[in-house]
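Understanding the architecture of this molecule
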Amino acid sequence: SPIFSNFVETLQGLTVIRAFGLESNFDRKNMVLLTKSNRAYWPLVSSNRWLSIRLEYLGSSITFTTALVSAIYSSHSAGMSGLAITSAMNMTGLMTWMVRQMTELEVNMNS
């Protein structure tokens, strides 16, 4: 990472940097590197929120459909209907967890 390499170089050459009075140059370079690194953060957060909303909507739709089918076709007991609805509700959290784990894996493999 350019940020860490710049930081290590700055620490290793700290006495020389201070001797020549170039602290502001290295500070400016560090800020530029941090800005470039954080530039991708906003799209990441926005896409994460977009995906979260879509997954919650999908999970709510599945739960609603399960409840509707369970109410219309009431040949099963109330316990089975409750189990089906609970399982459908748990699927939303499972989908969100799975997508975030896959995303984290991809990010870790790229870095």
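Located above this text is the structure these notes cover.
Numbering of residues begins from 1 in every chain and follows the order in which that chain's sequence is written. Note on the predicted model: pLDDT of at least 70 is required for a residue's local features to be given, and 80 or more for side-chain atom pairs to be given and counted; whole-chain, interface and lining totals, by contrast, use all residues. Side-chain measures were taken over the full set of non-hydrogen atoms in the model, leaving aside hydrogen atoms and water.

1. Structural notes on the overall build of the chain
Spelled out, the test is: Working definition: helices are DSSP H or I runs of at least four residues, strands are E runs of at least two. Numbering for both runs from the N terminus. C-alpha atoms define the radius of gyration in this analysis, and the globule rule sets the expected value at 2.2 Å times the number of residues to the power 0.38.
The number of helices and strands found in the chain is 5 helices and 0 strands. Each helix and strand of the chain, ordered N terminal to C terminal, gives the series α-α-α-α-α. Whereas a compact globule of 111 residues would reach a radius of gyration of roughly 13 Å, the chain reaches 26 Å, over 25% beyond that. Its C-alpha atoms put the chain at 85 × 20 × 20 Å along the principal axes.

2. Considerations on the packing of helix α1 (residues 2-12) against helix α3 (residues 23-38)
We apply this condition: For every element, the axis is a line fit to its C-alpha atoms; helices are fit only across the contacting stretch, and the angle between N-to-C directions ranges from 0 to 180 degrees. Angular relationships are summarised with four words: roughly parallel below 35 degrees, roughly antiparallel beyond 145, roughly perpendicular across 65 to 115, and oblique for the angles in between. Handedness of a helix crossing follows the sense of rotation of the near helix relative to the far helix, less than a right angle counterclockwise being left-handed and clockwise being right-handed. In this analysis, two residues are considered to be in contact whenever any of their non-hydrogen atoms come within 4.5 Å of each other. Side-chain classes follow a simple rule in which Ala, Val, Leu, Ile, Met, Phe, Trp, Tyr, Cys and Pro form the nonpolar group, Asp, Glu, Lys and Arg form the charged group, and the remainder, Gly included, forms the polar group.
Remark: α1 packs on α3, axes separated minimally by 9 Å, with the N-to-C direction vectors making an angle of 165°. One way to sum up the angle between α1 and α3 is to call them roughly antiparallel. Here α1 runs over α3; the crossing is left-handed. For the pair formed by α1 and α3, the contact residues are P2, I3, N6 and T10 on the first element and F26, K29, N30, L33, L34 and S37 on the second. A breakdown of the residues in the contact of α1 with α3 according to their chemical character gives 5 nonpolar, 4 polar and 1 charged.

3. So, the environment of I3
Convention followed: The classification of residues rests on relative accessible area computed with a 1.4 Å probe and restricted to protein chains. Under 20% of the type maximum is buried, over 50% is exposed, and intermediate values are partly exposed.
You can see I3 is positioned in helix α1. Judged by its relative accessible area of 18%, I3 is buried. Along the backbone, I3 and L33 are 30 residues apart, and their C-alpha atoms lie at a distance of 6.0 Å. Residue contacts for I3: discarding those within four places in its chain leaves N30, L33, L34 and S37.

4. Details of the environment of Y57
Within the fold, Y57 resides in helix α4 (residues 41-72). Of the residues examined, Y57 reaches a relative accessible area of 60% and is grouped as exposed. Sequence separation between Y57 and E106 is 49 residues; the distance between their C-alpha atoms is 24 Å.

5. Details of α4
Stated precisely, the cut-off is as follows: Here the expected span of a helix is defined as 1.5 Å times the quantity of residues minus one.
Compared with the 46 Å implied by 1.5 Å per residue over 32 residues, the 46 Å span of α4 between its first and last C-alpha is a close match. Within the sequence span of α4, burial applies to S52, L55, G59, T63 and S70. Buried residues along α4 sit in contact with α5 (78-110).

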